[in-house]
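Chain by chain, the residues run as shown.
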Amino acid sequence: MQGAPTGESTGFGGALDDKDVGLLGQAAQRVQDIMDKAQADGKQVLLFIGVGTGNPAEAWGNPTSGGTGNITDESQRSPGFLSKAGEGYTVISVNFNVSSSKEISQSGDSGPVVNLTVPARFPLDADGKNKASDAMQSLHKSAGRATRFAIMNAVTQADYQPLLDLANEKNKGQSAYLKSYMQNGETSAYSPLNKKRGMHLQGSGFASMGDVFAADQE
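A quick note: this is a predicted structure, and the numbers were derived from the prediction, not measured. (Residues numbered from 1 in each chain as written. Predicted model: local features only at pLDDT ≥ 70, side-chain atom pairs only at ≥ 80, totals over all residues. Heavy atoms only, no water.)

### Some details on the overall build of the protein
Within the protein, the secondary structure is distributed over six helices and nine strands. In the form shown here, the protein has an accessible surface area of approximately 9,700 Å², with 45% of it arising from carbon and sulfur atoms. (Helix = DSSP H or I, 4+ residues; strand = E, 2+ residues; numbered from the N terminus. Areas by Shrake-Rupley, 256 points an atom, 1.4 Å probe, with all protein chains shown as cover.)

Quick look at the structure:
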């Protein structure tokens, strides 16, 4: 058990522009639509949001690429636990990072894993959260509705309050705040049990549901 992380008051990587806000809104709507269909079909839903994942050379102003230690581009964009959710789950994996693309790409439309790649910044501070308020409210609602929800901070070693707030939409070990910092190879998982305390795993490989969610530890 460990106390909840405290978020930074400032963001990183520049302010959100109109393109970012538009793409955030589109992504939030797609998540909602996919979740609606899955739950109407009686499926459980695992929602994963990766922020700064993959980290191409110019992303977030951080000139790292490839992999460091056990971290690779793929382990950030598609951590192992997503494939271990099991039968009865629809997995929605949404990765945000800046790129030259202007549109969201989607694969796996029919499930069980639906991947969305969103070429946009994600809100890391109060200003960004307010600018994209409609999209963030929708994502908060989806995080709360999901059977399991995880959000990964692959931006820097700092903790960002909008990401923590999303992780706290669920508790009882059913959500997780993950960190994967490619520059030094450090990883961790924090799964809130309540608003103040939760399970913390330093060096988590995110390989299984139990590596991420306190509710799934055996």
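Structure shown, so let's carry the discussion forward.
### Topic: the pairing of strand β8 (residues 186-192)
When you tally the buried positions in β8, you get six out of seven residues, the bulk of the element. Taken together, the five bridges between strand β7 (residues 175-181) and β8 define a ladder with antiparallel strand orientation. Bridge pairing in β8 links S180 to T187. For β8 and strand β9 (residues 197-202), the ladder comprises five bridges, and the chain directions are antiparallel. The residue bridging S188 from the neighbouring strand is Q202, located in β9. Between the end of β8 and the start of β9, which pair antiparallel, lie four residues. (Buried < 20%, exposed > 50% of the residue type's maximum accessible area, 1.4 Å probe, protein only. Pairing = 2+ DSSP bridges.)

### Points about the nonpolar core
In terms of nonpolar packing, the biggest core is built from 38 residues, with L47, I49, V94, F122 and I151 touching the most fellow members. Those elements that provide at least two residues to this core are α1 (18-40), β2 (44-51), β3 (89-96), β5 (113-118), α4 (133-145), β6 (148-153) and α5 (161-167). A per-element tally of this core places α1 first, with eight residues. Membership of the second largest hydrophobic core comes to 17 residues, among which are F81, A85, F206 and V212. (Core = buried A, V, L, I, M, F, W, Y, C linked by side-chain atoms within 4.5 Å.)

### Points about the environment of V94
Examined against the element boundaries, V94 turns out to sit in strand β3. Along the chain, V94 and V118 lie 24 residues apart, while their C-alpha atoms are 7.2 Å from each other. Setting aside anything within four residues of it in sequence, one finds V94 in contact with V31, L47, F48, I49, G50, L116 and V118. (Contact = heavy atoms within 4.5 Å.)

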